[in-house]
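Listed here are the chains, written in short residue letters.
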Amino acid sequence: MELTSKSQETIIAVIKGKPIEANRIITNRHGKKFEFDRVAANTRGGFCLDQMRDDEVILAPGLIYREVKEV
């Protein structure tokens, strides 16, 4: 996923015991918005993609974002 813009609002996620500042909302180059949902579970040094839904993306260092559905 290529990021083209970022929200000014940030969250703090804890990954491997370290706080990481991340954007709460990201937008891809097609204009789809994604909101931070959770930190990915790390298994055997990697991430199992089975933990993700079809409307989610994962970004380094292990942040899962879910697509924002417009109402």
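These figures come from a predicted structure and were not determined experimentally. (Residues numbered from 1 in each chain as written. Predicted model: local features only at pLDDT ≥ 70, side-chain atom pairs only at ≥ 80, totals over all residues. Heavy atoms only, no water.)

Engineer: Describe in detail the overall build of the chain, supporting the description with residues and values.
Structural biologist: Of regular secondary structure, the chain possesses zero helices and nine strands. N-terminal to C-terminal, the α/β element order of the chain is β-β-β-β-β-β-β-β-β. Counting the 71 residues in the chain, one finds 30% classified as buried. The contacts of the chain with a sequence gap of at least 6 include a subset with a gap of at least 24, amounting to 42%. Here the chain has roughly 5,100 Å² of accessible surface; of this, 49% comes from carbon and sulfur atoms. (Helix = DSSP H or I, 4+ residues; strand = E, 2+ residues; numbered from the N terminus. Buried < 20%, exposed > 50% of the residue type's maximum accessible area, 1.4 Å probe, protein only. Contact = heavy atoms within 4.5 Å. Areas by Shrake-Rupley, 256 points an atom, 1.4 Å probe, with all protein chains shown as cover.)

Engineer: I'd like to hear about the packing of aromatic side chains, residue by residue, with values.
Structural biologist: Across all of its chains, the model carries one aromatic pair by this definition. Taking 5.7 Å as the distance between ring centres and 80° as the angle between the ring planes, the aromatic pair formed by Phe36 and Tyr65 counts as edge-to-face. Residue Phe36 is found in strand β5 (residues 33-39), and its partner Tyr65 is found in strand β9 (residues 63-67); the two are separated by 29 residues along the sequence. Overall, Phe36 belongs to the buried group, its relative accessible area being 19%. Take Tyr65: its relative accessible area is 2%, and that puts it in the buried class. (Phe/Tyr/Trp six-rings, centres within 6.5 Å; stacked < 30°, edge-to-face > 60°.)

Engineer: Could you give me a rundown of the nonpolar core, with the residues and numbers involved?
Structural biologist: Residues Ile11, Ala13, Ile15, Ala22, Ile26, Phe34, Phe36, Val57, Leu59, Leu63 and Tyr65 constitute the largest nonpolar core, which totals 11 residues. Broken down by secondary-structure element, the contributors of at least two residues to this core are β2 (10-15), β5, β8 (56-59) and β9. Among the elements that line this core, the one with the most residues is β2, at three residues. (Core = buried A, V, L, I, M, F, W, Y, C linked by side-chain atoms within 4.5 Å.)

Engineer: Give me the lowdown on the pairing of strand β4 (residues 25-28), citing residues and values where you can.
Structural biologist: Going residue by residue along β4, you find Ile25 and Thr27 tucked away on one face and Ile26 and Asn28 tucked away on the opposite face as well. Sheet analysis places β4 next to β5, joined by three bridges and oriented antiparallel. In the strand pairing of β5, Ile25 is matched with Glu35. (Pairing = 2+ DSSP bridges.)

Engineer: How would you explain the pattern of salt bridges if you had to name every residue and give the values?
Structural biologist: Summed over the entire model, instances satisfying the criterion amount to eight salt bridges. Among the salt bridges present, the one from Glu35 reaches Arg24, with a minimum N-O distance of 2.6 Å. With a gap of 11 residues between them, Glu35 in strand β5 and Arg24 in the loop between β3 (18-23) and β4 connect regions that are remote in the sequence. The exposure class assigned to Arg24 is partly exposed, which follows from its relative accessible area of 24%. Glu56 is the partner of Arg38 in a salt bridge, and the nearest nitrogen-oxygen pair spans 2.7 Å. (Salt bridge = Lys/Arg side-chain N within 4 Å of Asp/Glu carboxyl O.)

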